[in-house]
Amino acid sequence: MHRCLRLTEILEIIFCLVLDVQFIDPSFDAYQLLQPAILPFPNTKGRHTVLNLALTCRAFRDPALNVLHSYIGDIWPLSKSVPGQLPRPSWLHIPEQFRPSILRATCVQIFFNQNLHHHDSAYALLLESASKDVPLFPQLRSLGWFDPRVETIPALNLLLPTVHTLALDITNDQFRKAVFQSLRTTSLHLKSLEFIAMVHTGLVISELESFLSSYSESLTELSIRFFRKDIPNVLLEAIAVWPRLQYLTLHIGFNSMPLRAPQPFQALTHLHISCANLSLFSSLLHSIFGTDSGTSGCPNLEKIYNIALRCGPSATGIWSELFTILARTKLEHISIIERCNSEPHPCYTGPAFFELRPFLARPTALVNIKTLLIFPAHYGSITLTDADVHTLARACPHLYSVSLGNHNTPVSLGALGYIVRRCRELCEISLRVDARLDALGTIPLEDDEQMYLQPNRRLRMLAIEGSPIACVGPLNPPTAPDLMMSIPRFLHMIAPRLAKLEISLESRLGWTYRRYSLREMKKMDDIQRWKKVGRVLLELTQGDTD
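Quick summary incoming for the structure in this document. (Residues numbered from 1 in each chain as written. Predicted model: local features only at pLDDT ≥ 70, side-chain atom pairs only at ≥ 80, totals over all residues. Heavy atoms only, no water.)

Describing the overall build of the protein chain
Filter applied, for reference: Secondary structure elements follow DSSP: runs of H or I of four or more residues count as helices, runs of E of two or more count as strands, with numbering from the N terminus. Burial classes: relative accessible area under 20% of the type maximum marks a residue as buried, over 50% as exposed, and values in between as partly exposed (1.4 Å probe, protein chains only). In this analysis, two residues are considered to be in contact whenever any of their non-hydrogen atoms come within 4.5 Å of each other. Per-residue and other accessible areas follow the Shrake-Rupley method at a 1.4 Å probe size, with only the shown protein chains counted as cover for residues.
For the protein chain, the helix and strand inventory stands at 15 helices and 21 strands. Counting all 546 residues of the protein chain, 52% fall into the buried class. Long-range pairs, those at least 24 residues apart, make up 78% of the contacts in the protein chain between residues at least 6 apart in sequence. About 24,900 Å² of surface is accessible on the protein chain, with carbon and sulfur atoms providing 55% of the total.

Some remarks on the packing of aromatic side chains
Going by this rule: Aromatic pairs are defined between Phe, Tyr and Trp rings, using the six-membered ring for Trp, whenever the two ring centres lie within 6.5 Å; interplanar angles under 30 degrees are classed as stacked, those over 60 as edge-to-face, and all others as tilted.
In this structure the tally under the stated criterion is ten aromatic pairs. Seen in terms of ring centroids, W319 and F354 are 5.0 Å apart; in terms of plane orientation they differ by 5°. Their pairing is stacked. Taken together, the residues W319 in helix α10 (residues 315-326) and F354 in strand β13 (residues 352-355) connect sequence positions 35 residues apart. Accessibility assignment for this pair places W319 and F354 in one class, buried. Seen from their ring centres, F323 and F354 are 6.0 Å apart, and the 50° between their planes marks the pair as tilted. On the criterion of sequence distance, the pair formed by F323 in helix α10 and F354 in strand β13 is long-range, its members being 31 residues apart. One exposure class covers both F323 and F354, and it is buried. The rings of F180, F195, F211 and Y215 are connected pair by pair, giving a single aromatic cluster.

Details of the pairing of β13
The condition that has to hold: We treat two strands as partners when DSSP finds at least two bridges between them.
Side-chain alternation along β13 places A352 and F354 on a buried face and F353 and E355 on a face that remains uncovered. One ladder, built from four bridges, connects β13 with strand β15 (residues 380-383); its direction is parallel. Bridging across to β15, E355 finds its partner in T383.

Some points on the pattern of salt bridges
Worth spelling out the cut-off: Here, a salt bridge means any side-chain nitrogen of Lys or Arg that lies within 4 Å of a carboxyl oxygen of Asp or Glu.
Counted according to the given criterion, the structure contains nine salt bridges. D173 is paired through a salt bridge with R176; the nearest N and O atoms lie 2.9 Å apart. You can see D173 and its partner R176 sitting in helix α6 (residues 173-186), three residues apart, about one turn around the helix. The exposure class assigned to D173 is partly exposed, which follows from its relative accessible area of 34%. Here K500 ties to E502 by a salt bridge, and the two come within 3.6 Å at their closest N and O atoms. Salt bridges linked by common partners bring D147, R149 and E151 together as one network.

Focus: the packing of helix α1 (residues 8-19) against helix α3 (residues 58-70)
How we decide: Axis angles are defined between N-to-C directions and span 0 to 180 degrees, where every axis is a line fitted to C-alpha atoms and, for a helix, only to the segment in contact. In this scheme, roughly parallel covers angles under 35 degrees and roughly antiparallel covers those over 145, while 65 to 115 is roughly perpendicular and the rest are oblique. Here a crossing is taken to be left-handed if its near helix is turned anticlockwise relative to the far helix by less than a right angle, and right-handed if that turn runs clockwise.
It is at 9 Å that the axes of α1 and α3 come closest, and there the two elements cross at 55°. Here α3 runs oblique to α1, going by the angle between their axes. Crossing of α1 against α3: the hand is right-handed. Only A59, F60, P63, A64, N66 and V67 of α3 make contact with α1, whose side of the interface consists of T8, L11, E12, F15, C16 and L19.

Things to note about the environment of S256
For S256, the position within the fold is in the loop between β9 (247-252) and β10 (270-275). We classify S256 as buried; its relative accessible area is 0%. Spatially, the C-alpha atom of S256 lies 8.7 Å from that of L284, the residues being 28 residues apart in sequence. Apart from residues lying up to four places away in sequence, S256 is in contact with D230, I231, P232, N233 and L236.

Some words on the nonpolar core
Here is the rule we go by: By nonpolar core we mean a set of buried residues, namely Ala, Val, Leu, Ile, Met, Phe, Trp, Tyr and Cys, connected to one another through side-chain atoms within 4.5 Å.
Grouped together as the largest cluster of nonpolar side chains are 126 residues, with contacts concentrated most on W145, F195, L212, L222, F265 and F359. Excluding anything up to four places from it in sequence, L212 contacts L193, F195, L222, I224, L235 and W242. Core analysis: the next-biggest nonpolar cluster, separate from the first, contains 22 residues, V67, L68, F146 and I196 among them.

Below, the structure is given as structure tokens:
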């Protein structure tokens, strides 16, 4: 074993990466993309892998178990394992030798009670195990509690004194009122707070506003995710002047606008919004940033994430307005998603064409951009030219991820090669290209630009859905056998470690499946050609590593 692997600190860092925590909330399965969660959720496979590592050798045992128990995803692993005291559920597979009376209590940093089952006996046992003088989990800093029953409050109160980050399901009215009373006295260190209601709740906004006012000077993160319930204007304006708020997640509606707070969100760095349509998001940005670059709203903003739940008409003007506003910011991460309507509301079927040029109008403001995700609804089409791609690459040298939802008009392979080689931190890109025999040209480059174009060894993901390739006709026409080789050789030249082509980065999103399957079925020949390119590309990459 390498000497580095004998250091516990290094092993724990490695095992944390294996655990693979994600900020995707499984409690919102039907709405996973609405907003990011405030607490991380560990990948189930990651937990199993870390456990397997603990069983591998004696050197891995303690560091792996420390990491595994730093994040507890259910109340059962916290229970005593005295035979006969508690029935062991069939879905829990943890070796008995790793289940002492309280599993590594000093390691627990995040406790997430998923409420998969109601374990009243486990709650009682948890209370019995608590000491009056010392916290049961002295390192516990983050708590997610999604069992909104009044009977669970004593167990919840037991865990609150050391918590800095708290996520609660407050759907139940009695539970919410009782918790609001106890939090003021038991949670004196709260910095981050998330409230979730997965069904309609009887919450009165004045009740929430009164509670939040107790933390207006101390909270740095706030997330309010209510099922189809807008944040009213009075609460939005109250939150906008909090002096330390850096992270905000909300659902806005027509009664949220306009925002009139002076100099809103001075400390805010991360803004996550869901709304009915893009026009509401545009109105919010107008209220925050004003109509000129001299506005003082959100001076420290780094990330904007917005998802519009429905598509609609007038999209061309809305997208242009959004790009114009965003061009005046100095953001690092921009994600704007326009979702197609779910049944029974039909999608707006009118065409919408818009350009990226308003966003590129002030290149110096884009220098910090690392993530750019522009995903219009199915009818949207982004008019994109090779010159636009060149401007984007020059303006954003630190790009990490770019996706235009495969809705851009195809650009040349030369433009793709330019942005991949110019932006050498780029790891994934989704872009339609024109790879037909007569469309392999590019914009001539100045001599001084050649020095910036080097192979990108970080690119791992390239999505090309809807990209025309070769000529119209049979899959293997006599005029195109060399093209099936020259394209993968070109891709291998610009990104030597790129081993796989994706049809679409967005195909992972369940609600896009019907849209893309119906829209692209007529282009199966192109898809088959790209699959052939992908196979050749994989061979080239494997040949380099052999």
